[in-house]
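# Architecture at a glance
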Amino acid sequence: MKTVVDVLNREDCKTTRSLWEEVFCEDSVQFTDYYFQNKAEKNIGYVIGETPYDAMMFRTPYQLHIGNQQREISYLVGVATRKECRHRGYMRSLLMHSFGEMYEEKQPFSFLMPANPAIYEPFDFKYIYERDVWGLKDGIEIEELLKEGLYRVSDLQEQFPDIPILWMLADFANEYLKEHCNIYVHRDVEYYEMQMKELAAQNGDIYVLFEQSKIKAFFLYAKEEGEVFIQEVVGKEEDIPDFLQKEEAKKPIIMARIIHLEEMLKLVCCKEHRKFTIEIEDDLIPENTGTYDWEITPNGSKVEKLHFDRDRENGELKAAQMGQQEEGIETISMHIGEFAPYILRNVFINEIV
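What you are looking at is a predicted structure, and each value in this text was computed from that prediction instead of being measured.

This part is about the overall build of the protein chain. For the protein chain, the helix and strand inventory stands at 10 helices and 19 strands. Compactness check: the protein chain gives a C-alpha radius of gyration of 23 Å against a globular reference of 20 Å for 353 residues, within 12% of the reference. Expressed along its principal axes, the backbone C-alpha trace of the protein chain runs to roughly 75 × 55 × 35 Å. Classification of the 353 residues of the protein chain by burial places 50% in the buried group. Sequence-distant contacts in the protein chain: of pairs separated by 6 or more residues, those separated by 24 or more amount to 68%. Entry remark: accessible area of the protein chain is about 18,400 Å², with carbon and sulfur atoms responsible for 45%. Here the protein chain carries 40 positive and 67 negative side-chain charges, and the mean point of each set is 2 Å from the other.

Printed below as a string of structure tokens:
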């Protein structure tokens, strides 16, 4: 019997709290309060069963810069199944339902932060982002660092309410990320208002380094159960304060899955003009399967899906063979999961929920 997936819109997403508390029991009450008071109502929710529900998943909308465009992309969070209801295929049902909706919306891709990557690999999610791992140098406490030039944003907001500090942060971050990254979350005042609430729920804040009244760098600091967590550091290497220490190894944190291949291809830019014929297989979103003419320019791409039948003798697409015959056209043939890291590059996504 087919599993029924129900859709929760906005305010109704708050009805999933008991399941959240049961599955994500490591979250503090303070953080869970923050999530259900501020984030849950912005989501599209998917649930199975009656409240308090057997399984759930949220799609949280984020505005991402991708190449030269800005698009709404869904961040999948809160994927959870009640313990006694596991191994029934509920997560698959939730993911497949969301894939169908996102494809109809022409979302290029979706992303998530996995607790266990092996859970999502069968659904063609692949790692696309490794985060720098930062910490405070040994023996240093954050309170000791509040001296001339370094400030807590919450203190600045309280002492100087007329200074548009969150606007300054957003402007600085967007300019920096535009120069250094190809895919990143758009920053604005509302974004940093939410970040401040999230960090407060983790006993943290945003710390800003000023020089001659200009932002040189900033970092997001949290401390839970005595453990310090530097979620993000933004600024040129030479401007990062020396009390922050970066480890050599990076940590893989964000996986992504291409949802609407044609829309994703259109967003890709390249300094050099290039042409490809690509053959893609997608078992879960079969609409993506096929062969495409793909022409990449500095301003974006032109894409045309070709409609050729398979060669009955060898199983290859005739369109791919034709692409090989035309001079200057490269041919790519791969599965949709392997293709995601191929085009989702130079990413900066550090969101937690």
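This is not the end of the story, as more comes after the structure.
Between its first and last C-alpha, helix α7 (residues 189-200) extends 17 Å over 12 residues, near the 16 Å set by a 1.5 Å rise per residue. Taken as a whole, α7 has its buried residues at Y191, Y192, M194, Q195, M196, E198 and L199. The distance from a side-chain oxygen at the start of α7 to the backbone nitrogen of E190 is 3.3 Å, and the residue carrying that oxygen is D188.

Here the focus is the packing of helix α6 (residues 165-180) against α7. Between α6 and α7, whose axes approach to 8 Å, the crossing angle comes to 110°. By the angle class used here, α6 and α7 are roughly perpendicular. Residues L166, W167, L169, A170 and A173 of α6 form the contact with α7, whose participating residues are V189, Y192, E193 and M196. Its residues assigned to classes, the contact of α6 with α7 comprises 8 nonpolar, no polar and 1 charged.

As a further point, take the packing of helix α2 (residues 29-39) against α7. Relative orientation of the contacting elements α2 and α7 amounts to 155°, with a least axis distance of 9 Å. Compared by their axis directions, α2 and α7 come out roughly antiparallel. Between α2, through Q30, F31, Y34, N38 and K39, and α7, the contact on the second element is made entirely by M194, K197, E198 and A200. The residue makeup of the contact of α2 with α7, split by class, is 4 nonpolar, 2 polar and 3 charged.

On to the packing of aromatic side chains. Throughout the structure, instances matching the rule amount to 23 aromatic pairs. Arranged with centres 6.5 Å apart and planes meeting at 50°, the rings of Y62 and F111 form a pair that is tilted. Here Y62, found in strand β3 (residues 55-66), pairs with F111, found in strand β5 (residues 109-112); they are 49 residues apart in sequence, far enough to count as distant. Considering the side-chain rings of Y192 and F218, the 6.1 Å spacing of their centres and the 85° angle between planes classify their relative orientation as edge-to-face.

The element strand β2 (residues 44-48) is largely enclosed, with a buried count of 4 among its 5 residues. Summarising the sheet, strand β1 (residues 6-9) and β2 pair through 4 bridges and their orientation is antiparallel. Bridge pairing in β2 links N9 to I44. Bridge count for β2 against β3 is 5 bridges, and the pairing is antiparallel. Each bridged residue has a counterpart across the sheet, and for I44 the counterpart in β3 is R59. Hairpin connection of β2 to β3: 6 residues between the antiparallel strands, including G49 at a positive phi of 90°.

Take helix α10 (residues 336-343) next. Considered for burial, the residues of α10 that qualify are I336, G337, F339, A340 and I343. Taken down its axis, α10 places every buried residue within 155° of arc, on the same side. Close packing links the buried residues of α10 with β6 (126-131), β14 (251-258), α8 (261-266), β15 (274-281), β16 (290-297) and β18 (329-335).

Thresholds, definitions, all that
Residues numbered from 1 in each chain as written. Predicted model: local features only at pLDDT ≥ 70, side-chain atom pairs only at ≥ 80, totals over all residues. Heavy atoms only, no water. Helix = DSSP H or I, 4+ residues; strand = E, 2+ residues; numbered from the N terminus. Rg over C-alpha atoms; globule rule 2.2 N^0.38 Å. Buried < 20%, exposed > 50% of the residue type's maximum accessible area, 1.4 Å probe, protein only. Contact = heavy atoms within 4.5 Å. Areas by Shrake-Rupley, 256 points an atom, 1.4 Å probe, with all protein chains shown as cover. Lys, Arg positive; Asp, Glu negative; His and termini not counted. Charge placed at Lys NZ, Arg CZ, Asp CG, Glu CD. Expected span 1.5 Å × (residues − 1). Polar contact = N/O pair within 3.5 Å; in protein donor to acceptor, adjacent residues only side chain to side chain. Axes fitted to C-alpha atoms, helices over the stretch in contact; angles between N-to-C directions. Parallel < 35°, antiparallel > 145°, perpendicular 65-115°, else oblique. Nonpolar A, V, L, I, M, F, W, Y, C, P; charged D, E, K, R; others polar. Phe/Tyr/Trp six-rings, centres within 6.5 Å; stacked < 30°, edge-to-face > 60°. Pairing = 2+ DSSP bridges. Arc of directions from axis to C-beta.

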